[in-house]
Amino acid sequence: MKHFLDITKETCPMTFVKVKLQLAKMDSGEQLEVLLNEGEPLENVPRSCEEQGYKVLSIEPLDNSQHLILIQK
Amino acid sequence: MNQPANDKKDISIVCFSGEFDKLLAAYTIATGAAATNRNVTMFFTFWGLNALKKERGRKPIGKDFLSRVFNWLMGGRNNLPLSRLNFGGASPKLMSGMMKKSNVAQLDELMDAATALGIRHFACEMSMHILGVSKDDLIDDVKEVVGVATFLNESENAHIIFI
């Protein structure tokens, strides 16, 4: 099952807090697609997920300085 | 949520100030650290305890006359002053409005996130005794009332931040 989370309107620290809490609710093997802004969220969200042992499957840049990242728990 | 087991340095925050902006800073660091896989402990002492009172407004809690007056004057989470330009309590409300407009997390939201992230809340035994505050007066996040020795033991491998 694929979940989706938009954190483009969030600011520090709720960007990575929301991702962490969403991943905690999911079962192992499920995927989470996160829409985020470049800068701090783009640098820290994928790194923080990998530190927890989750896989960052892709990081796709979009037109308006936003990125779509796909994480597998 | 359980806190993570990894080699990142733990973070311990002493929340001494009961001021709105300083507690906001404490909870921002705490939730940011927990969300980036660090174990976080918050130790509330003196004025910081006001943020943890179940009663969010002014209530004369305590056993004797002086502590009841003191607690009424200090109030709870709704009465936290700004550390500068407080203007009789008007500024925290104005700042909350500005934060909402800028989509920045409010103190309540950060405190809820801290609960969800499993951040440990310790309350200082000594200052609770002075102020006549009991564990029943504090929110359920406070799992333990401890002394400084316990806090330091639990923070042995942590960065300690004093706010």
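Residues numbered from 1 in each chain as written. Chains lettered and ligands numbered in written order. Predicted model: local features only at pLDDT ≥ 70, side-chain atom pairs only at ≥ 80, totals over all residues.

1. Let's talk about unusual backbone geometry
A cis geometry characterises the amide bond from A:C12 onward to A:P13, with omega recorded as 0°. Take A:P13: it is sitting in the loop between β1 (2-6) and α1 (14-25). One non-glycine residue, A:S65, lies in positive phi territory at about 60°. Position of A:S65 among the secondary structure elements: in the loop between β3 (55-61) and β4 (66-72). For A:S65, a count of 11 C-beta atoms within 10 Å gives the class exposed. The backbone of B:F87 shows a phi angle near 50°, a positive value even though the residue is not glycine. Position of B:F87 relative to the elements: it lies in the loop between α2 (65-74) and α3 (90-101). Take B:F87: there are 11 C-beta atoms within 10 Å of it, and that puts it in the exposed class. (Helix = DSSP H or I, 4+ residues; strand = E, 2+ residues; numbered from the N terminus. Buried ≥ 20, exposed ≤ 12 C-beta atoms within 10 Å, placed from the backbone.)

2. Things to note about the sheet that holds β4(A)
Residue and element names in this part refer to chain A. Strand order across the open sheet formed by 4 strands is β1-β2-β4-β3, with mixed pairing between neighbours. Each of the sheet's edge strands pairs with one partner strand only, and the pair in question is β1 and β3. Strand-to-strand twist in this sheet, taken as the mean axis angle between neighbours without regard to direction, amounts to 20°. Bridge count for strand β2 (residues 31-37) against β4 is 7 bridges, and the pairing is antiparallel. For E33, the partnering residue across the bridge sits in β4 and is L70. Most of the contacts of helix α2 (residues 40-51) go to β2, to which it runs at about 155°, and overall it touches β2, β3 and β4. (Pairing = 2+ DSSP bridges. Axes fitted to C-alpha atoms, helices over the stretch in contact; angles between N-to-C directions. Contact = placed C-beta atoms within 7 Å.)

3. Regarding the sheet that holds strand β1 (residues 10-15) of chain B
All names here are of chain B. Spatially, the 5 strands line up as an open sheet ordered β4-β3-β2-β1-β5, and their pairing is parallel. What marks the edges here is a single partner per strand, and that holds for β4 (142-146) and β5 (158-162). The mean angle between the axes of side-by-side strands here comes to 25°, regardless of whether they run parallel or antiparallel. Bridge analysis of β1 against β5 gives 5 bridges, and the strand direction is parallel. Bridging across to β5, V14 finds its partner in F162.

4. Side note on the interface of chain A and chain B
One frequently used descriptor of interface size is the decrease in accessible area upon assembly of the parts. Contact residues are listed per partner, giving 15 residues for chain A and 13 residues for chain B. Broken down by secondary-structure element, the contributors of at least two residues to the side of chain A that touches chain B are α1 and α2 of chain A. A per-element tally of the side of chain A that touches chain B places α1(A) first, with 6 residues. A class-by-class count of the residues in the side of chain A that touches chain B yields 7 nonpolar, 4 polar and 4 charged. (Nonpolar A, V, L, I, M, F, W, Y, C, P; charged D, E, K, R; others polar.)

Note that all results are geometric; they support no functional claim without further evidence.
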